[in-house]
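Chain by chain, the residues run as shown.
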Amino acid sequence: MSNPQAPHNEWPLWEVFVRSKAGLDHKHCGSLHAADAKMALQLAREVYTRRQEGVSLWVVPSSQIVASDPGEKSMYFDPMEDKVYRHPTFYELPDSVNHM
Amino acid sequence: MSQQSIKVGDKPELRYLLRIADSCLVLSQRIAEWCGHGPILEEDLALSNMALDLVGQARGLLTRAGELDGQGHDEDQLAFLRDERQYFNPVLMELPRGDFAFTTVRNFAAASWLRLLWQRLQHSSDAEVAAIAGKAVKEAAYHQQHAADWLVRLGDGTEESRRRVEAALAELWPYFNELFISDAVDAAAAASGLGPAWSSLHADWQAAMEEILSEATLAAPKPSRYVPSGHLGIHSEHMGHMLAEMQYLQRAYPGGVW
């Protein structure tokens, strides 16, 4: 796939997500350059799973990721600072409930 | 002081295993020469990973070959202390790494061949060989796919990539004949159930090759009658140079370990 923002002759960038074992979520672990999706998947396997890190891979064109603007960080995230009541920490948990 | 060379016996089952073990070992060495020279960082790693898979396959078979030989030689001694004529890999494996197109064509041909071989060796009468094959067949399947994708990209790519892959095909084609030789060693392995006669792999290999060449919009070169003799220990001029580099450490520092 072509990426109009990539410099001439440079392959597009892909983000790599690895699931470390069945049942866990895919986690972002890095990025790589590849000419297309098929190559991106193979190279992700070569670069990011060579030490048995994964059982499943996702690759996503970096250009398809919509990111929040670092300049709007304070507007986006600071209002949450003083709202501790949103954490479910005010409940008494029975002893028999694990993993909370 | 340098390390003395060792010699292996001439039992057919030993020679049969060494032909395959040495193919993996020598091809691994050639692919490993790409380390630090790959066209892109990611492919550099892919080639190194492939070389490590192959050296792992060679280790298993060399260990088994050492047991069959009965002279007490371990995998390291067999890998590093034999002279040129005691290696039995087809010449294809020892040819210099060439450019990336050359490496891609050779890797596809070799991986397709090894995949067929490992598939059959899973049913070897030798339980250890069968176990090694069970692991190796998955590795070879991946190597084949990876090389296939590149072969299609290069063949059906730019003018230059096509020119290079065509040149590689023309240069390598005559060497493929040696992957399907028949002789007494081969016949003994087929008779005892140790492994398949190499000639029995030819039809499937040819089909895999034709399929990918057609996808890559490439034509197979004309058949050649040349049959190299690496499987008999008679190698190309490149083998000695390659071994000099490969064996240097063990020869100069006998028994040296990591």
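Predicted model, so just to flag it, every value in this text is computed and none were measured.

1. Regarding the interface of chain A and chain B
Counting from both sides, the interface comprises 13 residues of chain A and, opposite them, 13 residues of chain B. The tally of links from chain A across to chain B stands at two salt bridges. Elements supplying a minimum of two residues to the side of chain A that touches chain B: β2 (26-33) and α1 (37-48) of chain A. Looking at the side of chain A that touches chain B element by element, the count peaks at seven residues for α1(A).

2. Overview of the pattern of salt bridges
All names here are of chain B. Throughout the structure, instances matching the rule amount to 16 salt bridges over all chains. Of the charged contacts, one joins D183 and R19 as a salt bridge, the two residues approaching to 2.7 Å between their closest N and O atoms. Linking D183 in the loop between α6 (159-172) and α7 (184-192) with R19 in helix α1 (residues 12-32), this pair joins segments that are 164 residues apart in sequence. The structure contains a network of salt bridges with shared partners spanning D99, E160, R163 and R164.

3. Re the side chain of B:Q250
Residue and element names in this part refer to chain B. Relative to the helices and strands, Q250 resides in helix α9 (residues 237-252). The class of Q250 is buried, set by a relative accessible area of 18%. Side-chain polar atoms of Q250 contact the backbone nitrogen of G255, separated by 3.1 Å. Apart from the residues lying within four places of it in its own chain, the contact partners of Q250 are Q3, F80, G255 and G256.

Scoring rules and cut-offs
Residues numbered from 1 in each chain as written. Chains lettered and ligands numbered in written order. Predicted model: local features only at pLDDT ≥ 70, side-chain atom pairs only at ≥ 80, totals over all residues. Heavy atoms only, no water. Contact = heavy atoms within 4.5 Å. Salt bridge = Lys/Arg side-chain N within 4 Å of Asp/Glu carboxyl O. Helix = DSSP H or I, 4+ residues; strand = E, 2+ residues; numbered from the N terminus. Buried < 20%, exposed > 50% of the residue type's maximum accessible area, 1.4 Å probe, protein only. Polar contact = N/O pair within 3.5 Å; in protein donor to acceptor, adjacent residues only side chain to side chain.

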